[in-house]
Amino acid sequence: MIAARRPVRRTAPLGRPVRLTLVAGTAVLGAMLTACSGATASDSDSESGKGQAAAPASDARISVNLRGSQAAPGTPVKVTLGTGKLKAVTVSADGGEALTGRISADGRTWTSDRPAAPGTTYGVEVRTTEGGSGKAGFTTATADKVNKLTLAPGKNTTVGVAQPLSIVFDNPVKDKAAVEKALKVSTSNNTEGSWGWLQDYSGKDRVDWRPKEYWKSGTKVTLDADLNGIDSGPSGGWFVRDYLTTFTIGADQVVKVDLDRHRLALKRDGKTVMDVPMSAGTPGGEKASWRGTAVLMAKEGTINMRSETVGLGDAYDKMVDSSMRLTWSGMYAHAAPWNAAYFGVANHSSGCVGMSDANAGALYQQVRVGDPFEITGADAKGTVAEGNGYGAWNVSWADWQAKSAL
């Protein structure tokens, strides 16, 4: 479902001393610049560069802001040239991709676009406009704690027009701005959208990216989560990998649920393709249904539904067909033949939207994960919350944008 990039070699944890051979943080440039006479390097240079030949003492050197075997991760790599101008700089990760970066206007420094990742050995190679060259290296300390994530929708899937990009983090994210900056969304038609931070129904930190309006059918979406080397903050831990996912938006489908009329309609491209009687949750208490826009989270088929799992005592324990999950709190659309007397007449269920076997089966076959269920009517107990499934559509666009950390 997700693709990891830039594998790295892990070393000792942050803060733990370790005895490793160090690669020098400075290096003499070759070719034209190494024509200077070669004096012995200073004691401090020798200590930080054990295992390497001593460098001649001249201005023709490169220095790197990170050095040694326990360099601090999470900051960009900065390479500085003593004299002359830089032509090319390569900072490669052991077993992974090179860091990209930029040379300053004066040609003296190069700074990486991304921070150094934990537990990674980097090699630095430099070429100058004068024909010189130089090398250096360092290893960052390994993260004591690692943060991971769960990402939806899955890679290379086709989803409905209301499906957000949704990321749930294993550990708390304190530095939300740093994390959000690393999340890059691109679409095939420049769709306008925004990240918004919320608390998932599980209690974990979560960030969703939703468009201003429903997606256009056929849109292709890519998420590059360049998180490797980002510190999520105290008690959260470091991210030690990147993530990549792509998905496509399917047909323009919307399910309309009218609690007052006890009807359910499926509309595709604005045209009604189904309009059937149903019975939703009994009004006046916890058994009432939610109103607002709920997004189809999963097509679960035949499942066992037990009332105690949603706090309703021992009211029911049934095998239920054509089950379509709408919220984490347990609201589904599904087949409910035992409730046939109320279809189209009254809301008389334990919170779900029930239909005949045939109608539920037909709806199940046509809808896809990410399709919106727009639920209206007075017989409801409230509006679907943001973290109870995908309830971001129940927040105004201005209020949703305000949930961004940037």
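Residues numbered from 1 in each chain as written. Predicted model: local features only at pLDDT ≥ 70, side-chain atom pairs only at ≥ 80, totals over all residues. Heavy atoms only, no water.

*Asks:* Could you give me a rundown of the overall build of the protein, with the residues and numbers involved?
*Replies:* Scanning the protein for helices and strands turns up 4 helices and 28 strands. Within the protein, the proportion of its 406 residues that are buried is 50%. Of all intrachain contacts in the protein linking residues separated by at least 6 positions in sequence, the fraction that spans at least 24 positions is 68%. Looking at the protein as shown, the accessible area adds up to about 17,900 Å², and 50% of this sits on carbon and sulfur atoms. (Helix = DSSP H or I, 4+ residues; strand = E, 2+ residues; numbered from the N terminus. Buried < 20%, exposed > 50% of the residue type's maximum accessible area, 1.4 Å probe, protein only. Contact = heavy atoms within 4.5 Å. Areas by Shrake-Rupley, 256 points an atom, 1.4 Å probe, with all protein chains shown as cover.)

*Asks:* An account of the sheet that holds strand S11 (residues 149-152) is requested, with residue identities and associated values reported.
*Replies:* To summarise the sheet geometry, strands pair through backbone hydrogen bonds and adopt either a parallel or an antiparallel arrangement. One open sheet accounts for 4 strands, arranged S11-S13-S16-S15; its pairing is antiparallel. In this open sheet, the two edge strands, each paired with only one partner strand, are S11 and strand S15 (193-199). Shown here is a sheet whose adjacent strand axes are inclined to one another by a mean of 15 degrees, direction ignored. Inspection of the sheet shows strand S13 (residues 165-169) paired to strand S16 (residues 205-211) by 4 bridges, in the antiparallel sense. Note that in S16 the partner of Ile167 across the bridge is Val207. (Pairing = 2+ DSSP bridges. Axes fitted to C-alpha atoms, helices over the stretch in contact; angles between N-to-C directions.)

*Asks:* With reference to specific residues and values, describe the side chain of Gln253.
*Replies:* As for its position among the elements, Gln253 is in strand S19 (residues 253-258). Look at Gln253 and you get buried, because its relative accessible area is 3%. Side chain to side chain, Gln253 and Arg268 meet in a polar contact 2.8 Å long. (Polar contact = N/O pair within 3.5 Å; in protein donor to acceptor, adjacent residues only side chain to side chain.)

*Asks:* Report on the nonpolar core, specifying residues and quantitative values.
*Replies:* Across soluble globular proteins, nonpolar side chains show a tendency to be buried alongside one another. One finds Val257, Leu264, Met355 and Leu363 to be the most contacted residues of the largest nonpolar core, which totals 26 residues. At the level of secondary structure, the elements contributing two or more residues to this core comprise S19, strand S20 (263-268), strand S21 (271-277), strand S25 (332-335), strand S26 (353-355), helix H3 (357-366) and strand S27 (372-376). Counting residues per element, this core draws most heavily on H3, which supplies 3 residues. When residues no more than four places from it in sequence are discounted, the contact partners of Leu264 are Val255, Lys256, Val257, Met274, Asp275, Val276, Met278, Val353, Met355 and Leu363. Formed by 25 residues, the second largest nonpolar core is a distinct cluster that contains Val161, Ile167, Phe169 and Val179. (Core = buried A, V, L, I, M, F, W, Y, C linked by side-chain atoms within 4.5 Å.)

*Asks:* Quick rundown of unusual backbone geometry? Include the residues and the values.
*Replies:* Geometrically, the link from Ala152 to Pro153 is a cis peptide bond, its omega value of 0 degrees lying close to zero. Mapped onto the elements of the fold, Pro153 is located in the loop between S11 and strand S12 (157-159). If you check the backbone angles, His262 has positive phi at about 60 degrees while not being a glycine. Mapping His262 onto the fold places it in the loop between S19 and S20. Look at Ser322: it is not a glycine, yet its phi comes out positive at around 50 degrees.

*Asks:* Break down the pairing of S16 for me, citing the residues and quoting the values.
*Replies:* Here S16 lies mainly inside the structure; 6 of its 7 residues are buried. From the end of S15 to the start of S16, which pair antiparallel, there are 5 residues, and Gly203 there has a positive phi angle of about 95 degrees.

*Asks:* Which residues make up the pattern of salt bridges, and what are the values?
*Replies:* Scanning all chains against the criterion turns up 10 salt bridges. Between Asp226 and Lys184 there is a salt bridge whose closest N-O contact spans 3.5 Å. Of this pair, Asp226 sits in the loop between strand S17 (220-225) and strand S18 (242-249) while Lys184 sits in strand S14 (residues 183-187), and the two are 42 residues apart along the sequence. Residue classification places Asp226 among the buried residues on the basis of a relative accessible area of 14%. With a shortest N-O distance of 3.1 Å, Arg263 and Asp275 are connected by a salt bridge. Pair noted here: Arg263 is in strand S20 and Asp275 is in strand S21, with a separation of 12 residues, a long-range link. By relative accessible area, which is 24% here, Arg263 ends up partly exposed. Assessed through its relative accessible area of 40%, Asp275 is described here as partly exposed. Each of Asp200, Arg206 and Asp208 takes part in a single network of salt bridges with overlapping partners. (Salt bridge = Lys/Arg side-chain N within 4 Å of Asp/Glu carboxyl O.)

*Asks:* Describe in detail the sheet that holds S21, supporting the description with residues and values.
*Replies:* If you trace the 6 strands from one edge of the open sheet to the other, you get S21-S20-S19-S27-S22-S28, paired in mixed fashion. Of all strands in the sheet, those bounded by a partner on one side alone are S21 and strand S28 (380-383). Mean inter-strand twist for the sheet, computed between neighbouring axes without regard to direction, equals 25 degrees. The pairing of S19 with S27 spans 4 bridges and is classified as parallel. Looking across to S27, one finds that Lys256 is bridged to Glu374. Where H3 meets the sheet, it contacts S19, S20, S21 and S27, and its direction lies at approximately 150 degrees from that of S21.

*Asks:* Mind laying out the packing of aromatic side chains, listing which residues take part and the relevant values?
*Replies:* Enumeration according to the criterion identifies 6 aromatic pairs in this entry. Pairing Tyr122 with Phe138 gives two aromatic rings, centres 5.2 Å apart and planes at 25 degrees, and the pair type is stacked. With Tyr122 in strand S9 (residues 121-128) and Phe138 in strand S10 (residues 133-140), this residue pair connects regions lying 16 residues apart in the sequence. Ring geometry for Trp215 versus Phe247: centroids 6.1 Å apart, planes at 90 degrees, classification edge-to-face. A residue pair is termed long-range when its members are at least 10 positions apart, and Trp215 in the loop between S16 and S17 and Phe247 in strand S18 qualify at 32 residues. In this structure Trp215 comes out as buried when scored by relative accessible area, which is 3%. With a relative accessible area of 2%, Phe247 lands in the buried category. Across from the ring centre of Trp197, 5.5 Å away, lies the NZ or CZ of Lys176, which sits over that ring. (Phe/Tyr/Trp six-rings, centres within 6.5 Å; stacked < 30°, edge-to-face > 60°. Lys NZ or Arg CZ within 6 Å of the ring centre and 35° of its normal.)

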